[in-house]
Amino acid sequence: QVQLVESGGGLVQAGDSLRLSCAASVRTFSDYNMGWFRQTPGKEREFVAAISRSARTTYYADSVEGRFTISRDTGKKMVYLQMNRLKPEDTAIYYCAADLGTIYTPRISTTYDYWGQGTQVTVSS
């Protein structure tokens, strides 16, 4: 049973930083590509960032490129999303996702096999 648990969300002001964490209960963490998505009420889940199994490749949405950084710690079975210079439009529930497949399309939500419950990020202006 794969479990993903996000933490680190909260209420911050525009320009502040937050670091989201995702703990993965999996046997071999390096088998999984990992991603972060976000969702606001009434909208589709939106790709934010992703990192390959090897951590050699990262992917970002245009809206967060240069402000957010995704990373992973294989030993701790963790993936992180460092969010800097936050904007009110970054307000959303942020979800961690894991992909075990052989064909990886990181920006597509249906690629991912497992999802966490989400953590709320609210950025006030």
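Report follows, based on the coordinates. Per chain, residues are indexed from 1 in the order of the written sequence. Note on the predicted model: pLDDT of at least 70 is required for a residue's local features to be given, and 80 or more for side-chain atom pairs to be given and counted; whole-chain, interface and lining totals, by contrast, use all residues. As a convention, hydrogens and water are excluded, and side-chain values are obtained from all of the structure's heavy atoms.

Examining the overall build of the protein
Secondary structure elements are taken from DSSP: a helix is a run of H or I of four residues or more, a strand is a run of E of two residues or more, and numbering for both begins at the N terminus. For the protein, the helix and strand inventory stands at 0 helices and 11 strands. Atoms counted for the radius of gyration: C-alpha only. Globule rule: 2.2 Å times the number of residues to the power 0.38. Relative to the globule expectation of 14 Å for 125 residues, the C-alpha radius of gyration of the protein, 13 Å, shows essentially globular dimensions. Principal-axis analysis of the C-alpha atoms gives the protein an extent of 40 × 25 × 25 Å. For every residue, the accessible area (1.4 Å probe, protein chains only) is compared with the maximum for its type, and the residue is labelled buried under 20%, exposed over 50%, or partly exposed between those bounds. Within the protein, the fraction of its 125 residues that count as buried is 42%.

Some thoughts on the environment of Thr-105
Summarising the element assignment, Thr-105 is placed in the loop between strand S9 (92-99) and strand S10 (114-115). Along the chain, Thr-105 and Gly-118 lie 13 residues apart, while their C-alpha atoms are 21 Å from each other.

So, the pairing of S9
Counting buried residues along S9, 7 of its 8 residues qualify, which places the element largely inside the surrounding structure. Taken together, the 7 bridges between strand S4 (residues 33-39) and S9 define a ladder with antiparallel strand orientation. Looking across to S9, one finds that Trp-36 is bridged to Cys-96. At least two DSSP bridges between two strands are required for those strands to pair. Inspection of the sheet shows S9 paired to strand S11 (residues 119-124) by 3 bridges, in the antiparallel sense. Each residue of the ladder has a partner; that of Ala-92, found in S11, is Val-121. Pairing analysis gives 2 bridges linking S9 to S10, with the strands arranged antiparallel. Bridged to Ala-97 within S10 is Trp-115.

Quick notes on the pattern of salt bridges
The term salt bridge refers to a pairing of a side-chain nitrogen on Lys or Arg with a carboxyl oxygen on Asp or Glu at a separation within 4 Å. One pass over the structure, following the stated rule, counts 3 salt bridges. Between Arg-38 and Glu-46 there is a salt bridge, with its nearest N and O atoms 2.8 Å apart. Take Arg-38: its relative accessible area is 5%, and that puts it in the buried class. Members of the salt-bridge network, linked through shared partners, are Arg-38, Glu-46, Arg-67 and Asp-90.

Details of the packing of aromatic side chains
Each Phe, Tyr or Trp ring (for Trp, its six-membered ring) is paired with any other whose centre lies within 6.5 Å, and the angle between the two planes then decides the class: stacked below 30 degrees, edge-to-face above 60, tilted in between. In this structure the tally under the stated criterion is 7 aromatic pairs. Aromatic side chains Phe-37 and Phe-47 sit 5.6 Å apart centroid to centroid with 75° between the ring planes, which places their arrangement in the edge-to-face category. Here Phe-37 is found in strand S4, whereas its partner Phe-47 is found in strand S5 (residues 46-51), with 10 residues between them in sequence. Here Phe-37 matches Phe-47 in class, with each residue buried. Between the aromatic rings of Tyr-59 and Tyr-104, the centroid separation amounts to 6.0 Å while the plane-to-plane angle is 80°, which identifies the pairing as edge-to-face. Linking Tyr-59 in strand S6 (residues 58-60) with Tyr-104 in the loop between S9 and S10, this pair joins segments that are 45 residues apart in sequence. The class for Tyr-104 is buried, based on a relative accessible area of 17%. Ring pairs connect the aromatic residues Phe-37, Phe-47, Tyr-59, Tyr-104, Tyr-112 and Trp-115, which therefore count as one cluster. Taking NZ or CZ as reference, Arg-72 lies 4.3 Å from the ring centre of Phe-29, over its face. Cation placement over rings: the criterion is NZ of Lys or CZ of Arg within 6 Å of the ring centroid and within 35° of the ring normal.

Treat this as a map of the structure, not an account of what it does.
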